[in-house]
Amino acid sequence: MLKCLVFLLGAMFPGTFGITKPGLKTTEPFDHVAQLDERGMFTLFWNFNSTHITFEAHVETKGWVGLGFSGNGNMFPGDVAVGWVTDQGQTHFSDRHTTGHRTPDVDTSQDWFLLYAEETSSGTVLKMVRKLQTCDNAEDIDINNGTNRVIYAFGSEDPQNDRSILYHGTTRGTKSLFLLNPDKGDGNIRETKIMHFDFLNLNYMVPNDTTTYHCRAFIMPPLGKHHIIKYEAIITPGNEKHVHHILLSRCKVNPQSVSQLDGKSDVCFQSKTIPECSDYILGWAIGGEAFYFPPNVGFSVGAPEDPVYYHLETHYDNPDGRADILDNSGIRITLTSELRPIDAGMLQMGISFNYRQVIPPGQSNFISRGHCRDTCTRLSMAQANITEFKIFGVLQHSHVAGVRITTRHFRDGRELPLIITDPNYDFNFQDFRKLPEEIAVHPGDSFRVDCHYNTVGKTQPVLGGVATTQEMCMSFAYYYPRIPMANCMSMPNYGIYGDDAETRTWQMIQNADWTNKTVVDWFTQQQNTGPGYAWCSGDSLKVPDDFNYLFTGNLPPHDFIEPSKCP
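Everything in this summary refers to the structure shown in the same document. Here the structure is a predicted model, which is why all the values come from computation and not from measurement. Each chain carries its own residue numbering, running from 1 in the direction its sequence is written. For this predicted model, a pLDDT threshold of at least 70 governs which residues receive local features, and a threshold of 80 or more governs which side-chain atom pairs are given and counted, while totals over whole chains, interfaces and linings are taken from all residues. Only hydrogens and water are set aside when side-chain values are computed; all heavy atoms of the structure are taken into account.

Note on terminology: pairs of cysteine sulfur atoms within 2.5 Å are recorded as disulfides. Using the criterion set out here, one finds six disulfides in the structure. Here C372 is linked by a disulfide to C488, with a sulfur-sulfur distance of 2.1 Å. On the S-S bond that ties C372 to C488, the torsion sits near 90°, and the link is right-handed. Taken together, the positions of C372 in strand β30 (residues 366–372) and C488 in strand β39 (residues 487–492) put the pair 116 residues apart, joining distant regions of the chain. Only protein chains enter the accessibility calculation, which uses a 1.4 Å probe; a residue is then buried when its area is under 20% of its type maximum, exposed when over 50%, and partly exposed in between. C372 sits in the buried class, given a relative accessible area of 2%. For C488, a relative accessible area of 0% corresponds to the buried category. Under the scheme used here, helices are H or I runs from DSSP no shorter than 4 residues and strands are E runs no shorter than 2 residues, and both carry numbers assigned from the N terminus.

Turning our attention to the pattern of salt bridges. Note that side chains of opposite charge can pair when their charged atoms are close. The salt bridge definition used is simple: a Lys or Arg side-chain nitrogen within 4 Å of an Asp or Glu carboxyl oxygen. In the structure shown here, the tally under the stated rule is 20 salt bridges. For the salt bridge of D198 with R332, the shortest nitrogen-to-oxygen distance reads 2.7 Å. Here D198 is found in strand β15 (residues 194–200), whereas its partner R332 is found in strand β26 (residues 330–336), with 134 residues between them in sequence. Taking the relative accessible area as the measure of exposure, D198 reaches 28% and is therefore partly exposed. Residue K517 is joined to D521 by a salt bridge in which the shortest nitrogen-to-oxygen separation is 2.7 Å. Within this pair, K517 and its partner D521 are both found in helix α4 (residues 517–529), separated by four residues, close to a single helical turn. Classification of D521 by relative accessible area gives partly exposed; the value is 38%. Three or more residues are tied together by salt bridges with common partners; here these are R369, R408, E415, R448 and D450.

Here the focus is the environment of V297. Mapped onto the secondary structure, V297 falls in strand β23 (residues 297–301). For V297, a relative accessible area of 0% puts it in the buried group. Spatially, the C-alpha atom of V297 lies 5.6 Å from that of R340, the residues being 43 residues apart in sequence. Every residue pair with non-hydrogen atoms within 4.5 Å of one another is taken to be in contact. Once you skip the residues sitting within four places of it in the chain, V297 turns out to touch R340, I342, A344, F392 and Y480.

The rule is short: rings of Phe, Tyr and Trp, with Trp giving its six-membered ring, pair when the centres are within 6.5 Å, and they are stacked under 30 degrees, edge-to-face over 60, tilted in between. Taken as a whole and assessed by the stated rule, the structure comprises 31 aromatic pairs. Here F293 and F299 contribute two aromatic rings whose centre-to-centre distance is 6.5 Å and whose plane-to-plane angle is 55°, an arrangement assigned as tilted. Judged by relative accessible area, which is 3%, F299 ranks as buried. An aromatic cluster is present here, built from Y231, F291, F293, F299, F392, F432, Y478 and Y480 joined pairwise through their rings. In this arrangement the basic side chain of K434 is found over the ring face of F291, its NZ or CZ atom lying 5.2 Å from the centre. Either the NZ atom of lysine or the CZ atom of arginine qualifies as a charge over a ring when it sits within 6 Å of the ring centre and within 35 degrees of the ring normal.

Below is the structure:
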């Protein structure tokens, strides 16, 4: 029996259906789709504009369906919509919020609106719309341009009434999504002369260590200049939870050693077999999707000035210590010989990953700050002979203690609108985010990467480093046109100098009394306004001998706050 109800909101929906996923018919073509559960029972489609977002949920159930958001991925506190269609064709739908292990409460202000509902032999379809910002801060959660923790649940039977929604049991879950992704995917590719090049870890047996960084060398064959216009991860089936992130860098090496390097691999950061590179050209992290460069921009490879040596760094996460993980994952780049007008570049900003980054234990919101100084943008843009470059995409990165990351932008002593912020950062969902608007950068501009951490429950500090149990604070920015700077970093030095500074700094951290609030406050002050080192580098950046690497942290009186769209 087909049960269907169509709502009129301004205009009747067309009677034809666009097919946007094999086997599922939708009421309109959708730009975005995600499978929320591992069994494929809950598929979510969506479109959005500057003010509203429309969802269409296709769920394999004849009972009730719930969809919403929470700040931490838990089922409560959350902002949810719940609906179902009865055997008699009657629809039930309401905007609710969750406060505990009980039936969600109905919101005082109904801000989710049902557009269409039907039940067929295969399940239930609910189409609904809401504002990105409802201005109902007490009971709703805004949809922002960062990570959105989507929560879902469904039951096998229709409730008897609106107050008797049955417990969902195990048919629930959470999935982090970048809902406001402006990328329309393959629509950006107009070129016809395209080819692919794969950087893969061939039959790599992952060690049974909790964390492994595996690096592999590649030599790009002679191509002539091409542009990368797209890249995507290729993950070995079954290894999706173990391949955490992949970085591809390149640099110039001794031409006489090039032929011996191709295909060699080793443990990262301590290899004597293959050279490491600091000029990153792309990055992917767990949960990420394919990345498409803007239609007028490509990343140059194969040109006479481009290095031929490439360095693939893969971070494996193996918390159960398995010894049977065979991996062939890596990165596929899409190239074209039909060159686009502008060459892109990548800029890495943040805190150098080493033990000098100290996050005290027992902190619910400790902030580490990485600085990219004004002297670096002025130097690199002068060498590139440009007065402006534009940032169009950013990947922010920390590890499991990270809960929020913001990349900030300063000019002439004042803060400009944020480059990007992710208030719901999820270690298991990191991706290059295409910005809704490109951001112009001028000579003398500076940046700061703020990473917020939660170490409640820990008794020892979390230190910076490459392991999952250590921390990072990074922001990778795609921009154009390319400048010679690839890295713009900083780290605190705690006012300790001299030949034995490393030893004395390490001893200070190890001997600190982390139960003493004065000690914790001092480390907080050092992160905010204490002395440190800051530098910039790049394969072709010429840094003068008298460059001043010392700096003192400087915080503006007030952080930039996005203007509210609510009355």
